[in-house]
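What follows is each chain in one-letter form.
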Amino acid sequence: MPTSKEIAYENALKQIETVAKEYRNLWKRDVCESVKIEEYGFNEFLGGKAEGFEESLEILKEYISKNQI
């Protein structure tokens, strides 16, 4: 039976993964600087948010594996 700590980490992983996927789905690969600067800037913001959550997810996974949680 999983401990409350394991459940908490699993929930955190799921939440971070969900948010990362949501931001990644909003980000448009084909938006370039030739579009309106506001659209380009917002797209870059979404991409940055996605990257941040993806990196956080990897850090948390690494922490969990190293600490055998």
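Up top is the structure.
Quick summary incoming for the structure in this document. (Residues numbered from 1 in each chain as written. Predicted model: local features only at pLDDT ≥ 70, side-chain atom pairs only at ≥ 80, totals over all residues. Heavy atoms only, no water.)

A short note on the pattern of salt bridges
- Scanning the model with the defined rule gives 3 salt bridges in all.
- One salt bridge in this structure joins Glu-17 and Lys-21, with 3.7 Å as the shortest N-O distance. Note that Glu-17 and Lys-21 are positioned in helix 1 (residues 4-26) at a spacing of 4 residues, about one turn of the helix.
- Residue classification places Glu-17 among the partly exposed residues on the basis of a relative accessible area of 32%.
- We classify Lys-21 as partly exposed; its relative accessible area is 48%. (Salt bridge = Lys/Arg side-chain N within 4 Å of Asp/Glu carboxyl O. Helix = DSSP H or I, 4+ residues; strand = E, 2+ residues; numbered from the N terminus. Buried < 20%, exposed > 50% of the residue type's maximum accessible area, 1.4 Å probe, protein only.)

Description of the packing of aromatic side chains
- In this structure the tally under the stated criterion is 3 aromatic pairs.
- With centroids separated by 5.9 Å and ring planes inclined at 10°, the aromatic side chains of Tyr-23 and Phe-53 adopt a geometry described as stacked. Of the two residues, Tyr-23 is situated in helix 1 and Phe-53 in helix 2 (residues 37-66); the sequence distance between them amounts to 30 residues.
- On the basis of relative accessible area, Tyr-23 is assigned to the partly exposed category, the value being 21%.
- Over the ring of Trp-27 we find Arg-24; its NZ or CZ atom is 5.0 Å from the centre of that ring. (Phe/Tyr/Trp six-rings, centres within 6.5 Å; stacked < 30°, edge-to-face > 60°. Lys NZ or Arg CZ within 6 Å of the ring centre and 35° of its normal.)

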